[in-house]
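Residue-level structural notes
Residue-level listing of the chains:
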Amino acid sequence: MLDVLSAGTASFISVQELLNGLTVGMVYVLLASGLSVIFGVMHVINFAHGELYAFGAYFAAAIVTPLGGGTGFYVALVVAPLLVGVMGVAIERFTVRPLYGRDPLYHILLTFGLVLVLNDLIKLIWGTSPRRIARPEYLTGPIEMVGMTFSRYSFFIIGFGGALALGVWALLKYTRYGLIIRAGAQDRRMVRNLGISIDRYYSLVFGMGAALAAVAGLIFTAGRGQVVPGIGFDIIISAFVIVVLGGLGSFRGAVVGGLGVGLLQESIIRPGVPDLQLPLVPENVLAPVNMVLGLLPQLEGMVIFVLMIGVLIFRPRGLFGTEFEEDSGELLTGSSGGFLTDSGRFKLGIAMIGLLALVPLGSGMLPSPLSVRLIMTMLTWGLFALALDFIMGYTGLVSLGHALFWGIGAYVSGTVLFNFTESAFVAAGVALLVGGLVAWIVGYFSIRVHGVYFAMITLAFAELFHTSLTKIDGWAVGFCETTPVCSAEAARDIQLTGGSEGLFGFSSYWGLGGVGVELEEIGIFLGPVTLTGDLLLYYIILGVVVASFFITRRMLQSPFGAVLKGIRENEQRVRFLGYDPTVYKRRAFVVSGIFATLAGVIFALNESFVSPEAAEWLKSGEVVVMVILGGMGTLFGPILGAFTFFGLEALLQEETLFGPFIWAGSLVGLGGPIEGVSATVAERWRLFLGSTFVLFVVFLPRGLVSVPELVQQRVPTRFDPTNVPADPEGGDD
């Protein structure tokens, strides 16, 4: 037994900790292996994999509750994965399959929309309260071995999970089904030429991956005794870390990565390890190692993201993965505008700016879903979406970590306002400086990779920052306690991030050096309307967004912008012309990061509050949704997407859309049922918004800005007698 891994006097990893690591690691193996197999065969990064994991747990709870923890547990162990597998087949058939031939990044966008749909679908079916899930009596309780006590259920997870993983490996390695899958992963066209329907096998692969996720969700939550909402959100990022470490598409990598991350988290980082004491090795040599080991518990949740970033930089294919050729599809940018000419669109844009400028003057007449504060939120997120479009729409790089810059803008400005000065100008200036510096550092490392790998590394950087937000204050106090540089008491009085609660209650004035004015102290009287406080801040936000749009538009009209557009169209040609695409991509990433930071600053000034939720990965996904809804590669399209996103949210939550239907239904005695549907829609608005996004990705990938062109294509043009094609020479015989 590995009771010790040291000189014999100090325990390094106890057997119990080793067992805990193997238990969690085996759950990771089942979850990551399904995700990795799907990617290896289909090149699909499935963000909805975590929700399939959650569905497995909820289906199991629904089966176990009436049947009991004995028979019901084993029935659930068979039925729940089958049900989720059928769900996986349906998802592949009706949503993923239409995207084959497009850029693989569309699969990320699609499956993120499915995350919104499936997460709210779970809440719609089973509610938001935890649900109990029992297991058989003889799998409950401790077991004694070699004088030590262990969990009986942990041995079940390790044994059952290991046997299932071995069976999947044998299926892929030694059966005709596995042979076709492996051949299709290498050359799907060749498999089709042999007369094999590879699409049918794709459906089965997706279903098998979904079933493995369901098994992982079932056995893990049964160990906890209950299923709680949000478990899919919590697990999916860890699954991506494992897949990246082991190698995208590698089943062996998923096994090694899953067990390795489980052991690292549960056996080393979380419990901590004592100082190493090795014979014949001087203590001064081991001191740096022991110092690092002592810091590991404080870095819980961060180490795996550091490893993920390192692997993506130095070995993007992971430990056991192989390089793969990305599909030749391209990201579809917004169209030319159809019947709207360039001058027509410009005039329409000026008219919209003018209309937005009139909003505060008629604020008292606005319906509740269209309040001034809602439009301020739309404008703020519109700037955030514009920032992402600068890198995504003009270089083809999809960042899943732009919440990093939104969070930096919000937190740095909030920290300055809360602790040092209430000057909004100073707070914004410091935040933009920090955001630009971080964007340069992140861009320097991230631009080394491309495609799916770029999306993953930006996600890792963002999660690293998000995880650190609850620890920074503690680190500052600990640093001041151990060094003479600062006072621990002074460090306790300063809140850099506010921990898990965040920073709230800070105020600001517009000026420098104590000379300035608060917006609440200003009153501009325009007839019956008094512009003060939020209404003045509205004009500041509108001005910032408009200025940002014209600045980025001018940049894209410059030679720098021409190179970016060339990179988007044909990167190899740009390289042949003597330009270094990597340099231009990094510059574009810095510009994008600065404007995203500015959006975070506006958010903090508007809300006077910031919490760790501002930097969670869901924010990065939501802004990608807005870019696609509006139409990327246009700058104004993402702003339109932000207005559409929050407009639909407000309309759904306020039940405004159903008002006429409720009134009409009341005339025929159906007002009550329709009102009930309206309340459900208002509560589960993400379900319908996610469904809308999925439809956009599949059927309208160029976004709302492409609608005029689509209308023009479908409306017959009027006959023009001056434009009649000439008859071919010679006429009829």
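Residues numbered from 1 in each chain as written. Predicted model: local features only at pLDDT ≥ 70, side-chain atom pairs only at ≥ 80, totals over all residues. Heavy atoms only, no water.

1. A word on the overall build of the protein
- Along the backbone of the protein there are 29 helices and ten strands.
- The buried share of the protein, reckoned over its 733 residues, is 52%.
- Pairs at least 24 apart in sequence give 78% of the contacts found in the protein among residues at least 6 apart.
- Here the protein displays about 32800 Å² of accessible surface, and carbon together with sulfur accounts for 64% of that area. (Helix = DSSP H or I, 4+ residues; strand = E, 2+ residues; numbered from the N terminus. Buried < 20%, exposed > 50% of the residue type's maximum accessible area, 1.4 Å probe, protein only. Contact = heavy atoms within 4.5 Å. Areas by Shrake-Rupley, 256 points an atom, 1.4 Å probe, with all protein chains shown as cover.)

2. Some remarks on the side chain of His49
- Mapping His49 onto the fold places it in helix α2 (residues 49-67).
- The exposure class assigned to His49 is buried, which follows from its relative accessible area of 0%.
- Look past the residues within four positions of His49 in its chain and what remains in contact with it is Leu31, Gly34, Leu35, Ile38, Gly209, Ala210, Ala213 and Ile236.

3. Focus on the packing of aromatic side chains
- Taken as a whole and assessed by the stated rule, the structure comprises 30 aromatic pairs.
- When the centroid spacing of 5.7 Å and the interplanar angle of 75 degrees are considered together, the rings of Phe405 and Phe589 count as edge-to-face. Residue Phe405 is located in helix α15 (residues 403-419), and its partner Phe589 is located in helix α23 (residues 581-607); the two are separated by 184 residues in the primary sequence. For the residue pair Phe405 and Phe589, the accessibility class agrees, reading buried in each case.
- Ring centres 5.4 Å apart and planes at 80 degrees place the aromatic pair Phe549 and Phe550 in the edge-to-face group.
- Judged by relative accessible area, Phe550 falls into the partly exposed class, the value being 30%. (Phe/Tyr/Trp six-rings, centres within 6.5 Å; stacked < 30°, edge-to-face > 60°.)

4. Some points on the pattern of salt bridges
- The full count for this structure, using the stated rule, is eight salt bridges.
- Arg373 is paired through a salt bridge with Glu607; the nearest N and O atoms lie 3.9 Å apart. Pair noted here: Arg373 is in helix α14 (residues 372-395) and Glu607 is in helix α23, with a separation of 234 residues, a long-range link.
- With relative accessibility at 34%, the residue Glu607 sits in the partly exposed group.
- Across the pair Glu571 and Lys585 runs a salt bridge whose closest N-O atoms are separated by 2.9 Å. Of this pair, Glu571 sits in helix α22 (residues 571-576) while Lys585 is found in helix α23, placing the two residues 14 residues apart along the sequence. (Salt bridge = Lys/Arg side-chain N within 4 Å of Asp/Glu carboxyl O.)

5. Observations regarding helix α18 (residues 472-482)
- Inspection of α18 places Asp473, Val477 and Cys480 among the buried residues, and these make up the whole buried set. The arc that holds the buried residues of α18, viewed along the axis, is 65 degrees, so those residues lie on one side.
- Residues of α18 that are buried in the fold lie against α19 (488-493). (Arc of directions from axis to C-beta.)

6. A look at the packing of helix α9 (residues 231-246) against helix α12 (residues 303-314)
- Remark: α9 packs on α12, axes separated minimally by 9 Å, with the N-to-C direction vectors making an angle of 35 degrees. The crossing of α9 and α12 is left-handed. Across the interface between the two elements, Ile237, Phe240, Val241, Val244 and Leu245 from α9 touch Ile304, Phe305, Leu307, Met308, Val311 and Leu312 from α12. (Axes fitted to C-alpha atoms, helices over the stretch in contact; angles between N-to-C directions. Left-handed = near helix turned anticlockwise from the far one by under 90°.)

7. So, the nonpolar core
- Grouped together as the largest cluster of nonpolar side chains are 214 residues, with contacts concentrated most on Met42, Phe47, Ile219 and Met456.
- At 17 residues, the largest contribution of residues to this core is made by α14.
- If we skip the residues at most four places from it in the chain, Met42 touches Glu92, Val96, Tyr100, Arg188, Tyr202, Val205 and Phe206. (Core = buried A, V, L, I, M, F, W, Y, C linked by side-chain atoms within 4.5 Å.)

8. Looking at a nonpolar patch on the surface
- Among the surface-exposed residues, Leu348, Met352, Leu355, Leu358, Leu361, Ile524 and Leu526 lie close enough to one another that they form a single nonpolar patch of about 610 Å² accessible area.
- Contributing elements (two or more residues each) for the nonpolar patch: α13 (342-358) and β8 (524-526).
- If you tally residues by element for the nonpolar patch, the top one is α13, at four residues.
- Positionally, Leu348 belongs in helix α13.
- Under the relative-accessibility criterion, Leu348 is labelled partly exposed at 45%. (Patch = residues over 30% accessible without salt bridge, like charges linked within 9 Å, V, L, I, M, F, W, Y side chains within 5 Å.)

9. Topic: unusual backbone geometry
- Backbone geometry places Ser608, a non-glycine residue, at a positive phi of 55 degrees.
- On the secondary structure map, Ser608 appears in the loop between α23 and β10 (609-610).

10. Notes on helix α16 (residues 424-446)
- Taking 1.5 Å per residue, 23 residues should reach 33 Å; α16 reaches 31 Å between its end C-alpha atoms and fits that length.
- The set of residues buried in α16 consists of Ala424, Ala427, Ala428, Ala431, Gly435, Gly436, Ala439, Val442, Gly443 and Ser446. (Expected span 1.5 Å × (residues − 1).)

11. A few points about empty space enclosed by the protein
- Enumeration according to the criterion identifies two cavities of 30 Å³ or more in this entry.
- Empty space within the largest cavity amounts to approximately 70 Å³.
- Along the walls of the largest cavity sit Phe47, Ile108, Leu109, Phe112, Leu400, Leu459, Trp617, Ser620, Gly621 and Val624, which together make up its complete lining.
- Per element, the largest residue contribution to the lining of the largest cavity is four residues, and it comes from helix α24 (residues 617-630).
- The calculated volume of the second largest cavity comes to roughly 40 Å³.
- Around the second largest cavity, the lining residues are Glu51, Ala54, Tyr58, Asn119, Ile122, Lys123, Pro229, Gly230, Ile231 and Gly232. (1 Å grid on protein atoms, 1.4 Å probe; cavity = no way out; pocket = protein on both sides within 12 Å on 5 of 7 lines; lining within 4 Å. Points joined across faces, edges and corners; volume = space filled by probe spheres on them.)

12. Quick look at the pairing of strand β3 (residues 148-151)
- For strand β2 (residues 142-145) and β3, the ladder comprises four bridges, and the chain directions are antiparallel. Bridge pairing links Pro142 to Ser151 in β3.
- Counting the residues that bridge the hairpin from β2 to β3 gives two residues, and of these Val146 lies at a positive phi of roughly 45 degrees. (Pairing = 2+ DSSP bridges.)

13. Topic: the side chain of Glu92
- Mapping Glu92 onto the fold places it in helix α3 (residues 71-96).
- Judged by its relative accessible area of 0%, Glu92 is buried.
- A polar atom in the side chain of Glu92 sits 2.6 Å from the side chain of Tyr100.
- In terms of polar contacts, Glu92 uses its side chain to reach the side chain of Ser203, at 2.5 Å.
- Setting aside its immediate chain neighbours within four residues, Glu92 contacts Met42, Arg97, Tyr100, Tyr202, Ser203 and Phe206. (Polar contact = N/O pair within 3.5 Å; in protein donor to acceptor, adjacent residues only side chain to side chain.)

14. With respect to the environment of Gly513
- As for its position among the elements, Gly513 is in the loop between β6 (510-512) and β7 (515-517).
- Judged by its relative accessible area of 77%, Gly513 is exposed.
- Along the backbone, Gly513 and Val426 are 87 residues apart, and their C-alpha atoms lie at a distance of 9.2 Å.

15. A word on the environment of Arg132
- Tracing the backbone through its elements, the reader meets Arg132 in strand β1 (residues 131-132).
- With 95 residues separating them along the chain, Arg132 and Val227 place their C-alpha atoms 6.3 Å apart.
- Other than its neighbours up to four places away in sequence, Arg132 contacts Ala61, Thr65, Gly225 and Gln226.

16. Observations concerning the confidence of the model for the protein
- Within the protein, residue pLDDT values average 83, and 84% of them lie at 70 or more.
- In this model residues 1-11 is a low-confidence stretch, pLDDT under 50, and it forms 19 contacts with partners more than four residues away in sequence or in other chains.
- Under a pLDDT of 50 for its full length, residues 728-733 has, in the predicted model, zero contacts with residues more than four places off or in other chains. (pLDDT = per-residue confidence, 0-100.)

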